[in-house]
Amino acid sequence: NDFNIVYNKDYDGAREISEDELEQVGYDPIKNNLPLIREDEYGNKFYGVKVKGENDSQGNISLNSSADRSTILEEVTEARLKKLQNSKNAEDQALVEKIKIWIGSVRKKASEMGLELRFADTDEGNIELFSDAILYTLGGFTGLDKKFEDAIYIPEDISSEFVAKFGEMSDGTSVFEMLKGSDKGIQAN
């Protein structure tokens, strides 16, 4: 596979991030209930966060001591989606387009249901939204508020095509299967 994962056991990810930086990576500090640490003399707000992992479109992933199995799957999902978005392959671009349509329908459905999604409607926020949905729909992780389940369910045609893009370990085992949790995900209604 083409993921490059670096682990820092001496760092727990706790840090201060500006409101602008949070918005750039798709997080709304208010909807995510992030603690306001300080406000500078220019009115810039800074929040306390614990960043468990980060990724880029080349498959580079950095994890720290607060990361768990779901963090790894989330970061790999985001890195893979970013790589697909940058691909020139027509099949990859067709999948990216399906995901964009799904994101639009999720945002519309959530709005109709009166739900506020915790991720901004930006490129980065939509990547975060998709990775959360993969974790809870197919990834074997639980903990999502039940009221969001209907809104973020990913249809099988999109999820299976995306999971196939994860690739395999050197022994032929699916990368996704190695990373997913053991709980049953969100089911179609």
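Notes on the structure follow. (Residues numbered from 1 in each chain as written. Predicted model: local features only at pLDDT ≥ 70, side-chain atom pairs only at ≥ 80, totals over all residues. Heavy atoms only, no water.)

Our next topic: the nonpolar core. Proteins that are soluble and globular tend to have nonpolar side chains buried together. Among the nonpolar cores identified, the biggest contains 43 residues, and I99, W102, F130 and F162 are the most heavily contacted of them. Of all the secondary-structure elements, those providing two or more residues to this core are strand 4 (45-50), strand 6 (60-64), helix 2 (69-86), helix 3 (90-112), helix 4 (123-137), helix 5 (149-152), helix 6 (156-164) and helix 7 (175-179). (Core = buried A, V, L, I, M, F, W, Y, C linked by side-chain atoms within 4.5 Å. Buried < 20%, exposed > 50% of the residue type's maximum accessible area, 1.4 Å probe, protein only. Helix = DSSP H or I, 4+ residues; strand = E, 2+ residues; numbered from the N terminus.)

A separate point is the packing of helix 3 against helix 4. Look at helix 3 against helix 4: their axes get within 11 Å of each other, and the N-to-C directions meet at 85°. In terms of orientation, helix 3 and helix 4 fall into the roughly perpendicular class. Across the interface between the two elements, I99, W102, I103, V106 and R107 from helix 3 touch G125, N126, L129, F130 and A133 from helix 4. Within the contact of helix 3 with helix 4, the residues separate by chemical class into seven nonpolar, two polar and one charged. (Axes fitted to C-alpha atoms, helices over the stretch in contact; angles between N-to-C directions. Parallel < 35°, antiparallel > 145°, perpendicular 65-115°, else oblique. Contact = heavy atoms within 4.5 Å. Nonpolar A, V, L, I, M, F, W, Y, C, P; charged D, E, K, R; others polar.)

To continue, consider the environment of G125. Inspection of the secondary structure assignment puts G125 in helix 4. With sequence-adjacent residues up to four places away left out, G125 is seen in contact with V25, G26, R107, F119 and A120.

Let us now look at the sheet that holds strand 3 (residues 36-39). Think of a sheet as strands paired side by side through backbone hydrogen bonds, with each pair either parallel or antiparallel. Sheet architecture is open: three strands sit in the order 2-4-3, paired in antiparallel fashion. Of all the strands in the sheet, the pair left with one neighbour each is strand 2 (14-18) and strand 3. Shown here is a sheet whose adjacent strand axes are inclined to one another by a mean of 30°, direction ignored. Both strand 3 and strand 4 contribute to a ladder of three bridges, which runs antiparallel. Bridge pairing in strand 4 places R38 opposite F46. (Pairing = 2+ DSSP bridges.)

Looking now at unusual backbone geometry. Here the phi dihedral of N33 falls at roughly 50°; this positive angle occurs in a residue that is not glycine. Its location among the elements puts N33 in the loop between helix 1 (19-24) and strand 3.

Sheet topology note: the strand 2/strand 4 ladder contains five bridges and is antiparallel. Pairing of A14 across the sheet is with K50, part of strand 4. Count of turn residues in the strand 3/strand 4 antiparallel hairpin: five residues, of which G43 carries a positive phi of about 90°.

To continue, consider the side chain of N126. Examined against the element boundaries, N126 turns out to sit in helix 4. Excluding residues that lie within four positions of it along the chain, N126 makes contacts with I103, R107, A120 and D121.

Now for the environment of E124. Tracing the backbone through its elements, the reader meets E124 in helix 4. It is 21 Å that separates the C-alpha atoms of E124 and L138, two residues lying 14 residues apart in sequence. Leaving out residues up to four positions away in the same chain, E124 has contacts with Q24, V25, G26 and K82.

Turning to the pattern of salt bridges, a few remarks are in order. Counted according to the given criterion, the structure contains 16 salt bridges. For D12, the salt bridge identified is with K50, shortest N-O distance 3.6 Å. Of this pair, D12 sits in the loop between strand 1 (4-8) and strand 2 while K50 sits in strand 4; the two residues are 38 residues apart in sequence, bridging distant segments of the chain. The class of D12 is partly exposed, set by a relative accessible area of 32%. The partner of K31 in a salt bridge is E116, with the nearest N and O atoms 3.7 Å apart. One end of the pair, K31, is in the loop between helix 1 and strand 3; the other, E116, is in the loop between helix 3 and helix 4, with 85 residues separating them in the sequence. Judged by relative accessible area, which is 36%, K31 ranks as partly exposed. On the basis of relative accessible area, E116 is assigned to the exposed category, the value being 55%. Here the residues in one salt-bridge network are D2, R80 and K83, joined through shared partners. (Salt bridge = Lys/Arg side-chain N within 4 Å of Asp/Glu carboxyl O.)

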